[in-house]
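Fold and contact review
Read off the chains here:
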Amino acid sequence: MKYGRIAGWGKYAPPKVLTNFDLEKMVHTSDEWIVTRTGIRERRIAGEGETTLTMSVAAARQALERAGVRPSDLDLILVATSSPDYLLPPVSSMIQDRLGARCGAFTLVAGCTGFVYGLATAQQFIASGAYRTILVIGAEIISRNIDWTDRNTCVLFGDGAGAVVLQASDAPTGVLSFVLGSDGAGAKHLMVPGGGVAMPFSQRVVDEGAQYIRMNGREVFKFATRVLAQAAIEAVEQSGLTLNDVDLLIPHQANMRIIEVAARQLGMPMDKVFVNLDRYGNTSAASIPIALVEAIQQGRCADNSTVLLVGFGAGLTWASAVVKLGTLEPARYALWRSIPIRAKARARAAVGALSMRVGAMLLPLAQRARVTRR
Ligand code: COA
């Protein structure tokens, strides 16, 4: 059995920042309400010309570069999103084309939980031996499905993309265990009613504002606090580890109070919980990969750290995964390290000898130039 080592990671956040103070001018809300009820202070909003495709490609290119993998090396691209550029074609194929990859690609829809579903799916392709190198993306432009006059939803979400490259490895790294959950009975609590085949796009959709996200915040809150800790515990048990072995909990970044409840239920101190929702809000399927990338970049994960990913979202769905990170150094250093010591010593000696010979050749020229100047 092969493991899917996380060999590269990348993220993209649109430059446009929308603060709570900006929102105060748009709807009847306040920075104080948003911060105390959610923990969010600002979020990124995609600008003109930015789409799920462009953001995904930006995050993917970083992840590929970090992994030292060319797009042509990819065996599969898997994109988790609920906000694709079009209903058809799948944005995953557009990403494959833009990257210049020659492999299969598909889009996976599991609400905010999509990235963890994607990671678990990718791991299966690697474990079975079918594929060796897979790009998993979580990307979302929720802002285009938001009613910017609805204070119940518009303060919560933001846009962004995160990506990882999984590479087959014999060492037990990557996704060690996972839990996937779904409870469609709660579907109505978080949905976009219009625009699908049940209510095709029409004047009625526009009149009813059915193209926008509708959410029963209290129900989603109750659901999230019910499933998060449980899903986390199940994944940890399946991995054969204990919660004490987890170095960092990376939960879906939806609401600080939900995260705190889950951490309390798990008995995890908040310094072992990664939070960046204050700067991004809820970026749906992009939230966990963006958080993972930032946790690595900020040094919150070391080589071989064990991280616990746990998410929830529309569906209603939930998912968790225990992920063992490998070596976090850039691929170019990893390549240097992979060269045998004797070969490196020979290379250094050859470079030294070459520079001596070049120096010896240049010395008479330099002496002649000095004589001429005198
Ligand atoms: N600014 C000011 N007041 C607001 C507001 C805003 N942005 N949004 C809602 N309110 C009001 C409500 O209208 C309500 O007023 P009322 O009592 O007069 O009806 C009041 O604040 C309290 O609403 P309530 O729903 O009890 O607040 P809450 O403490 O549950 O917080 C959420 C609301 C949405 C922040 C919270 O329920 C939540 O985070 N739920 C989960 C949502 C989520 O994570 N969704 C994404 C899942 S992937």
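Residues numbered from 1 in each chain as written. Predicted model: local features only at pLDDT ≥ 70, side-chain atom pairs only at ≥ 80, totals over all residues.

We now examine the sheet that holds strand E8 (residues 174-182). One open sheet accounts for four strands, arranged E8-E13-E12-E11; its pairing is mixed. Edge positions in the sheet fall to E8 and strand E11 (248-251), since each of these pairs with one other strand and no more. Taking the axes of each pair of neighbouring strands and ignoring which way they run, one obtains an average angle of 10° across the sheet. As paired strands, strand E12 (residues 306-313) and strand E13 (residues 317-324) are joined by eight bridges and run antiparallel to one another. Considered in E13, the bridge of Val310 is made with Ser320. (Pairing = 2+ DSSP bridges. Helix = DSSP H or I, 4+ residues; strand = E, 2+ residues; numbered from the N terminus. Axes fitted to C-alpha atoms, helices over the stretch in contact; angles between N-to-C directions.)

Moving on: helix H11 (residues 287-297). Helical geometry: 3.6 residues make up each α-helical turn, so side chains three or four residues apart lie on a common side. For H11, the buried fraction is high: nine of the 11 residues fall into the buried class. Among the residues making up H11, those that are buried are Ser287, Ile288, Pro289, Ile290, Ala291, Leu292, Val293, Glu294 and Ala295. Directly beyond the C-terminal end of H11, a positive phi value near 75° is found at Gly299. (Buried ≥ 20, exposed ≤ 12 C-beta atoms within 10 Å, placed from the backbone.)

Glancing now at the sheet that holds strand E5 (residues 104-108). If you trace the five strands from one edge of the open sheet to the other, you get E1-E7-E6-E4-E5, paired in mixed fashion. The open sheet terminates on both sides in strands that have one partner only, identified here as strand E1 (3-12) and E5. The mean angle between the axes of side-by-side strands here comes to 20°, regardless of whether they run parallel or antiparallel. Sheet analysis places strand E4 (residues 76-80) next to E5, joined by five bridges and oriented parallel.

Attention shifts here to the site of the ligand. Close to the ligand lie 20 residues, the nearest being Thr29, Arg151, Gly217, Phe221 and Ala254. Broken down by secondary-structure element, the contributors of at least two residues to the shell around the ligand are helix H2 (31-38), helix H6 (151-154) and helix H8 (217-239). Partitioning the shell around the ligand into residue classes produces 10 nonpolar, seven polar and three charged. (Near = placed C-beta within 6 Å. Nonpolar A, V, L, I, M, F, W, Y, C, P; charged D, E, K, R; others polar.)

Residue placement: Val17 occurs in strand E2 (residues 17-19). The partly exposed category is assigned to Val17, around which 15 C-beta atoms lie within 10 Å. A sequence separation of 280 residues divides Val17 from Gln297, and the C-alpha atoms of the two residues are 21 Å apart.

The figure often quoted for interface size is the accessible area lost as the parts come together. Taken domain by domain, the protein holds domain 1 (3-332) and domain 2 (344-373). A straight line from the C-alpha centre of domain 1 to that of domain 2 covers 55 Å. (Domains from an automatic or database assignment.)

Omega for the peptide link from Leu88 to Pro89 comes to 0°, which places this bond in the cis form. Turning to its location among the elements, Pro89 is positioned in the loop between E4 and helix H4 (91-99). Of note in this structure, Ser284 is not a glycine but carries a positive phi near 55°. Relative to the helices and strands, Ser284 is located in the loop between helix H10 (277-280) and H11. One non-glycine residue, Asn304, adopts positive backbone phi at about 65°. Residue classification places Asn304 among the partly exposed residues on the basis of 13 C-beta atoms within 10 Å.

Here the focus is the packing of helix H3 (residues 52-67) against H4. The contact between H3 and H4 brings their axes to 10 Å, and the two run at 50°. Between H3 and H4, the interaxial angle falls into the category oblique. As for the relative orientation of H3 and H4, their crossing is right-handed in sense. Residues Thr52, Leu53, Ser56, Val57 and Ala60 of H3 form the contact with H4, whose own contacting residues are Val91, Met94, Ile95, Arg98 and Leu99. Split by residue class, the contact of H3 with H4 holds seven nonpolar, two polar and one charged. (Parallel < 35°, antiparallel > 145°, perpendicular 65-115°, else oblique. Left-handed = near helix turned anticlockwise from the far one by under 90°. Contact = placed C-beta atoms within 7 Å.)

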